[in-house]
Amino acid sequence: GENVEQHPSTLSVQEGDSAVIKCTYSDSASNYFPWYKQELGKGPQLIIDIRSNVGEKKDQRIAVTLNKTAKHFSLHITETQPEDSAVYFCAAITRNQFYFGTGTSLTVIP
Amino acid sequence: EAGVVQSPRYKIIEKKQPVAFWCNPISGHNTLYWYRQNLGQGPELLIRYENEEAVDDSQLPKDRFSAERLKGVDSTLKIQPAELGDSAVYLCASSQVSVGGYNEQFFGPGTRLTVL
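Just so it is clear, the structure is predicted and the values come from calculations on it, not from any experiment. (Residues numbered from 1 in each chain as written. Chains lettered and ligands numbered in written order. Predicted model: local features only at pLDDT ≥ 70, side-chain atom pairs only at ≥ 80, totals over all residues. Heavy atoms only, no water.)

1. Focus on the side chain of B:Glu50
- In this fold, B:Glu50 is placed in strand S5 (residues 44–50).
- Accessibility expressed as a relative area gives 19% for B:Glu50, which makes it buried. (Helix = DSSP H or I, 4+ residues; strand = E, 2+ residues; numbered from the N terminus. Buried < 20%, exposed > 50% of the residue type's maximum accessible area, 1.4 Å probe, protein only.)

Written as structure tokens, this is what we have:
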């Protein structure tokens, strides 16, 4: 099956700085890569996704890049704000199966 | 539009007791997922339904876990008997079938189970 690794497990940044979270996957058949934000006591919420035929996607302060050759994808958050503090999960989808990373706890320091 | 609804939100039981979780997916979503999320980990799929059919239950511990989705809408997940290691958050998610197989999942708030 698919193996998704996510780094770092914790990340602290000053407000206004950028944050980058990286994931790698193992199955070349994976074709969809969503990112989720999970706040305390809530379920994960989709914040951005990318398909295997696209290398980069941006939505305001959030961007995701995908390198299919190297089997890695990254989440970039610019101009971070305190409300960005949460746990972020990457996922890789293979044959309609979702495989999640282990999460990154992001803290934005005001 | 209402999101995925789960109940109860919290449950504390003693080991060897039974427990059940309920999920109501978003209206019109034919695919329903149950995940288990251990502390500090990502969600792990337990079972996936397409309408009322369980199409992937390979990760469901069938000796103690069972699930049903009658009429292809609401679903229940049951554990009997519960063990200490079952303490986790149980998440339900739903999605629509989409062209190209890319199904955005919408998650409920989860049920936090504590087994004492």
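There is more to say after this.
2. With respect to the nonpolar core
Residue and element names in this part refer to chain A.
- Within the largest apolar cluster, 23 residues are counted, with the highest numbers of intra-cluster contacts made by Tyr25, Phe33, Trp35, Phe73, Leu75, Tyr88 and Leu106.
- Where this core is concerned, the elements lending two or more residues are strand S2 (10–14), strand S3 (19–24), strand S4 (32–38), strand S5 (45–51), strand S7 (62–67), strand S8 (72–77), strand S9 (86–94) and strand S11 (104–109).
- It is S9 that contributes the most residues to this core, four residues altogether.
- Setting aside residues no more than four positions away along its own chain, Phe33 makes contact with Tyr25, Ile48, Asp49, Ile50, Ser52, Leu66, Phe73, Ala91 and Ala92. (Core = buried A, V, L, I, M, F, W, Y, C linked by side-chain atoms within 4.5 Å. Contact = heavy atoms within 4.5 Å.)

3. Observations regarding the packing of aromatic side chains
- Counted by the stated rule, this structure contains 14 aromatic pairs over all chains.
- With a centroid separation of 4.9 Å and an interplanar angle of 50°, the aromatic rings of A:Phe33 and A:Phe73 are classed as tilted. Of this pair, A:Phe33 sits in strand S4 while A:Phe73 sits in strand S8, placing them 40 residues apart in sequence. For the pair A:Phe33 and A:Phe73, one class covers both residues: buried.
- Their ring planes at 40° and their centres at 5.5 Å tell us that B:Tyr35 and B:Phe107 sit as a pair that is tilted. A residue pair is termed long-range when its members are at least 10 positions apart, and B:Tyr35 in strand S4 (residues 31–37) and B:Phe107 in strand S10 (residues 106–107) qualify at 72 residues. Exposure class is identical for B:Tyr35 and B:Phe107. Each is buried. (Phe/Tyr/Trp six-rings, centres within 6.5 Å; stacked < 30°, edge-to-face > 60°.)

4. Things to note about the side chain of A:Gln97
- Topologically, A:Gln97 is positioned in strand S10 (residues 97–100).
- A polar atom in the side chain of A:Gln97 sits 2.2 Å from the side chain of B:Asp56.
- Sequence-distant contacts of A:Gln97, that is, excluding residues within four places in its chain, are made with A:Ala92, B:Leu45 and B:Asp56. (Polar contact = N/O pair within 3.5 Å; in protein donor to acceptor, adjacent residues only side chain to side chain.)

5. Describing the pattern of salt bridges
Residues and elements named next belong to chain B.
- If you walk through the whole model with that rule in mind, you get ten salt bridges over all chains.
- Residue Asp86 is joined to Arg36 by a salt bridge in which the shortest nitrogen-to-oxygen separation is 4.0 Å. Residue Asp86 is located in the loop between strand S8 (75–79) and strand S9 (88–95), and its partner Arg36 is located in strand S4; the two are separated by 50 residues in the primary sequence.
- Judged by relative accessible area, which is 2%, Asp86 ranks as buried.
- A network of salt bridges, in which partner residues are shared, links Arg36, Arg64, Glu83 and Asp86. (Salt bridge = Lys/Arg side-chain N within 4 Å of Asp/Glu carboxyl O.)

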